[in-house]
Number of protein chains: 2
Amino acid sequence: MKVSTKGRYGLRVMIELALRYGSGPVMMDTISNCVGVSRKYLYNLLTTLKTSGLVRAVRGASGGFELTTDPNRITASDVVQSLEGHLTIVDCVHDGVTCPRIDHCASREVWQKMGEALEEVLSDVTLAHLAQRQEQKNGGQLMYYI
Amino acid sequence: MKVSTKGRYGLRVMIELALRYGSGPVMMDTISNCVGVSRKYLYNLLTTLKTSGLVRAVRGASGGFELTTDPNRITASDVVQSLEGHLTIVDCVHDGVTCPRIDHCASREVWQKMGEALEEVLSDVTLAHLAQRQEQKNGGQLMYYI
DNA sequence: CAAATACTCTACTATGTTTGTAGAGTATCC
DNA sequence: GGATACTCTACAAACATAGTAGAGTATTTG
């Protein structure tokens, strides 16, 4: 019951983009350095996030990636679900393909509640919130890890 | 971010034992039939649960497994944590081995909240509760799936 | 006692997912 | 037209999950 590196790195990536929102596209090498992920792997994450419509890519010289919308309109739930898929702890909660014992399964109600609890936590946290928190922790400086 | 079959089957197993609590040990073949898991795999689950002190084994003829204590003193949290490990979404939340950026990581607070939310849901649900719910759904009959 | 019963243990394997890497291709800016 | 920087397909190593096989051991019951 862990978040994979996709979700972990992905949220960091989005926080970095939130910190730089409004300053034009940020190139992959910069993000790669800040977050500590290889350029190649980063591309996977950004491609997924792009497909979900959370980021936009600008090609060519002085290109890069940027958020498609204001950081306070993107939640951690959006980011995590984009990269990790549905916020369901067990497939039967979301699938149309239900297991044969679904009607007399008490466990299922527990798994459902867990998913709802996660959704509640994540949808309550915006990127703006996280970026602000990050700035506080760093004393207002962007971290580069060069 | 899924519960594995260990957790899913394990909780079912414990609900079955809760339904039969006080009637002496239940043998693995019975549990295996009710829950729909092979005897061999079931052994893995029960061994883990035994190590955690949630069930007790009785060897020999007319042996089997039974809960070590009353079903309303065992929570879903106990069961899931026994089989799946700590209820942490990301290791850095619980590990002593922290990642180098732990001090300026805003994401970590999100992962921590998620774990706490799960704990809250699971520790609020007892086996007695689940067994009762299961009985309601089955009209008071034990299901055998023979 | 002895036979049946039922848990116990070690080891092995197949399968799928995660976590990446390689290298050539393509759009855009100046 | 050259430099810049994203794009795409394919592949592969490492790890975790989900089991299976088969022989061993403790207890009850007659």
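Residues numbered from 1 in each chain as written. Chains lettered and ligands numbered in written order. Predicted model: local features only at pLDDT ≥ 70, side-chain atom pairs only at ≥ 80, totals over all residues. Heavy atoms only, no water.

A. Just the side chain of Glu84(A), in detail. All names here are of chain A. On the secondary structure map, Glu84 appears in helix 4 (residues 76-84). Buried charge without a partner: Glu84 forms no salt bridge, and the closest opposite charge is Arg8, 7.0 Å away. Of the polar contacts made by the side chain of Glu84, one reaches the backbone nitrogen of Gly7; its length is 3.0 Å. (Helix = DSSP H or I, 4+ residues; strand = E, 2+ residues; numbered from the N terminus. Buried < 20%, exposed > 50% of the residue type's maximum accessible area, 1.4 Å probe, protein only. Lys, Arg positive; Asp, Glu negative; His and termini not counted. Salt bridge = Lys/Arg side-chain N within 4 Å of Asp/Glu carboxyl O. Polar contact = N/O pair within 3.5 Å; in protein donor to acceptor, adjacent residues only side chain to side chain.)

B. Quick look at the relation of the copies chain A and chain B. Mapping chain A onto chain B is achieved by rotating through 180 degrees and translating by 0.0 Å along the same axis, at an RMSD of 0.0 Å. What the rotation and shift describe, once combined, is the action of a two-fold rotation axis. Closest approach to the rotation axis among the C-alpha atoms of chain A is made by Met1(A), whose C-alpha sits 2.4 Å away. Most of the interface of chain A is mirrored in chain B: 100% of its interface residues are interface residues there too. (Least-squares fit on C-alpha atoms with pLDDT ≥ 70 in both. Contact = heavy atoms within 4.5 Å.)

C. Inspection of the nonpolar core at higher detail. Core analysis: the largest hydrophobic core is formed by 89 residues, its most contacted members being Met14(A), Trp111(A), Leu127(A) and Met14(B). Apart from residues no more than four positions distant in its own chain, Met14(A) is found in contact with Leu49(A), Leu54(A), Val55(A), Leu67(A), Ile74(A), Val79(A) and Leu127(A). (Core = buried A, V, L, I, M, F, W, Y, C linked by side-chain atoms within 4.5 Å.)

D. Representation of the interface of chain A and chain B within the structure. The interface is formed by 44 residues belonging to chain A together with 44 residues belonging to chain B. Note on chain A versus chain B: buried area summed over both sides is about 4100 Å², and carbon and sulfur give 62% of it. Looking at the side of chain A facing chain B, the largest losses of area belong to Met1(A), Arg101(A) and His104(A), adding up to 18% of the total buried there. There are six salt bridges connecting chain A and chain B. (Buried area = accessible area lost by both parts, 1.4 Å probe.)

E. Broad picture of the protein's contact with DNA strand D. In the vicinity of DNA strand D lie 26 residues, with Met28(A), Tyr43(A), Lys50(A), Ser38(B) and Lys40(B) positioned nearest. The share of sugar and phosphate among atoms of DNA strand D within 4 Å of the protein is 67%. Ser38(B) has a polar side-chain atom sitting 2.9 Å from a phosphate oxygen of DNA strand D. The contact in question runs from a base oxygen of DNA strand D to an N or O atom on the side chain of Arg59(B), over 2.9 Å. Here the residues of the surface near DNA strand D are counted per class, giving 10 nonpolar, 10 polar and six charged. (Near = heavy atom within 4 Å. Nonpolar A, V, L, I, M, F, W, Y, C, P; charged D, E, K, R; others polar.)

F. Layout of the packing of aromatic side chains. Residue and element names in this part refer to chain A. Enumeration over the complete set of coordinates arrives at two aromatic pairs over all chains. For the ring pair Tyr9 and Tyr41, a centre distance of 6.4 Å and an interplane angle of 85 degrees mean the geometry is edge-to-face. Taken together, the residues Tyr9 in helix 1 (residues 5-19) and Tyr41 in helix 3 (residues 39-51) connect sequence positions 32 residues apart. (Phe/Tyr/Trp six-rings, centres within 6.5 Å; stacked < 30°, edge-to-face > 60°.)

G. Summary view of the environment of Ala106(A). Looking at the secondary structure, you find Ala106(A) in the loop between helix 5 (91-94) and helix 6 (107-123). The spatial distance from the C-alpha of Ala106(A) to the C-alpha of Gly24(A) is 51 Å, given a sequence separation of 82 residues. Ignoring anything within four residues of it in the chain, the contact list for Ala106(A) reads Ile15(B), Leu130(B), Arg133(B) and Gln134(B).

H. Expanded view of the protein's contact with DNA strand C. Around DNA strand C, the structure places 25 residues, and the nearest of them are Ser38(A), Lys40(A), Met28(B), Tyr43(B) and Lys50(B). Sugar and phosphate atoms constitute 67% of the interface atoms of DNA strand C, taking the interface as everything within 4 Å of the protein. At 2.7 Å from a phosphate oxygen of DNA strand C is found a side-chain nitrogen or oxygen belonging to Ser38(A). If you list the elements that add at least two residues to the surface near DNA strand C, you get helix 1 and helix 3 of chain A together with helix 3 (39-51), strand 1 (55-58) and strand 2 (64-67) of chain B.

I. Structural detail: the pattern of salt bridges. Under the criterion given, the structure shown has 12 salt bridges over all chains. The partner of Glu109(A) in a salt bridge is Lys137(B), with the nearest N and O atoms 3.2 Å apart. You can see Glu109(A) sitting in helix 6 and its partner Lys137(B) sitting in helix 6 (residues 127-137), one on each of two chains. The partner of Glu66(B) in a salt bridge is Arg56(B), and the shortest N-O contact between them spans 3.4 Å. Taken together, the residues Glu66(B) in strand 2 and Arg56(B) in strand 1 connect sequence positions 10 residues apart. A single salt-bridge network, built from bridges that share partners, covers Glu109(A), Arg133(B) and Lys137(B).

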